[in-house]
Each structure stands twice: as structure tokens, then as C-alpha cells.
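Chain by chain, the residues run as shown.
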Amino acid sequence: NAGEVLDRGSIEIGIGASELGGRVAVDGSTGALGTDVDLSRDLHNLAGVLRLKHDLDGATAAYNQALDIEIKQRGARSVQAGLTHNSLGLVKLERRDLAGARTELTRALELLTETMHGDRAFAEANLGLVDAATNNHAAALLHYDRASAIYASTIGDTAAASIRVHLDRARSLAALGRREQA
């Protein structure tokens, strides 16, 4: 099965979760997982494509494989692990597993805040989405405001991610009956 062992250059966008056939081996001769940092990046990117194609099982499997490698190569508290926890949180949010999403996103925020990494804004904004999904718009606003402040100091107010946070904030304000502030 071609999906059982993939070289770094052989991961293709069109591959489906069923074609992955379980774990992806890094080294075709030994099948040893966790020896190639580039593969964790490739798996993370593949997982993102699978998530966008609504193959949530495939996305989860690929994100978890990427996380295994990231932990082995860079440590459980690395920025890369934080970003992957954020992505796993998005998959769980899409599945409406709000408790699981909150756990993953909180972990992501913790790891990204330790290094003051700019992408902690992703986790803040996504935690706002979890709160909004539970109809806790007041808590969502706190996350959106923190995300906006981070974006203002990193990518600016006019970047796409900043604009999305402003729109999500406006939705929560409207849900709270504060349309004039939205």
C-alpha cells in the first residue's frame, strides 16, 4: 500500500484519510516514526487540507501524527506542539466537541504564551469561538479583545485574521443586544 510509507516529497494534496492506512512511516527501511521534523510540518499541512475537505477523521489522525513527531523532536512544550494543539482544537470545534476543543485550545494558548509567540492570537480567537458556541458571549468578547491586541502588535488591524476577529467580536456584541457597539 503506497499510503503506508511516504517520503517527505511524496505527500500529495489529494491523498485521503483511508489512503493513509494508519500511521505514516518516516523511514521506509525501518518504519521508525519521529525522525524527521519536516514530516511533522508536511503532516500538519496535509491535516489542514483534510480538515478543509471535511475529512475530520483523517485530519485528526494526521495532526496527531505530527504532534507525536513534534514532541519527540522539539518537546511537548514547543511552539510547534502549541500550533498543532490549536489545529486539533479547530477539528474538535467543527465536530461540536466543545469541551475537547476548549482543552486543546487552552493547551495551545498556554504553550504559545510561554514564548510570547504571536500565533497565540489564534488560540485566543478560537477560544472565543468556543465560548460563542456555548452562548457565553461575554467570555468570548474577552478572548476576542485579547486576540485583537496581539494582532495589533504583530500583524496589524487590517490583516485577514484581525478582520475575522473583529467580525466574530461584532457577532458576540450583537448576540448580547449591543448592536450599536458592533
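Residues numbered from 1 in each chain as written. Predicted model: local features only at pLDDT ≥ 70, side-chain atom pairs only at ≥ 80, totals over all residues. Heavy atoms only, no water.

Participant: Give me the lowdown on the packing of aromatic side chains, citing residues and values where you can.
Facilitator: Summed over all chains, the structure comprises one aromatic pair. Here the aromatic rings of F122 and Y151 are separated by 6.4 Å at their centres, their planes lie at 70 degrees, and the arrangement is edge-to-face. Of this pair, F122 sits in helix α6 (residues 120-133) while Y151 sits in helix α7 (residues 137-154), and the two are 29 residues apart along the sequence. With a relative accessible area of 5%, Y151 lands in the buried category. (Phe/Tyr/Trp six-rings, centres within 6.5 Å; stacked < 30°, edge-to-face > 60°. Helix = DSSP H or I, 4+ residues; strand = E, 2+ residues; numbered from the N terminus. Buried < 20%, exposed > 50% of the residue type's maximum accessible area, 1.4 Å probe, protein only.)

Participant: Give me the pattern of salt bridges: which residues, what numbers.
Facilitator: Under the defined criterion, the tally for this structure stands at eleven salt bridges. Residues E110 and R77 are paired through a salt bridge, measuring 2.9 Å at the closest nitrogen-oxygen approach. With E110 in helix α5 (residues 98-114) and R77 in the loop between α3 (56-74) and α4 (79-94), this pair connects stretches of sequence that are 33 residues apart. When its relative accessible area of 36% is taken as the criterion, E110 is described as partly exposed. One salt bridge in this structure joins R107 and E110, with 2.8 Å as the shortest N-O distance. Placement of both R107 and E110 in helix α5 is noted, with a separation of three residues, approximately one turn of the helix. (Salt bridge = Lys/Arg side-chain N within 4 Å of Asp/Glu carboxyl O.)

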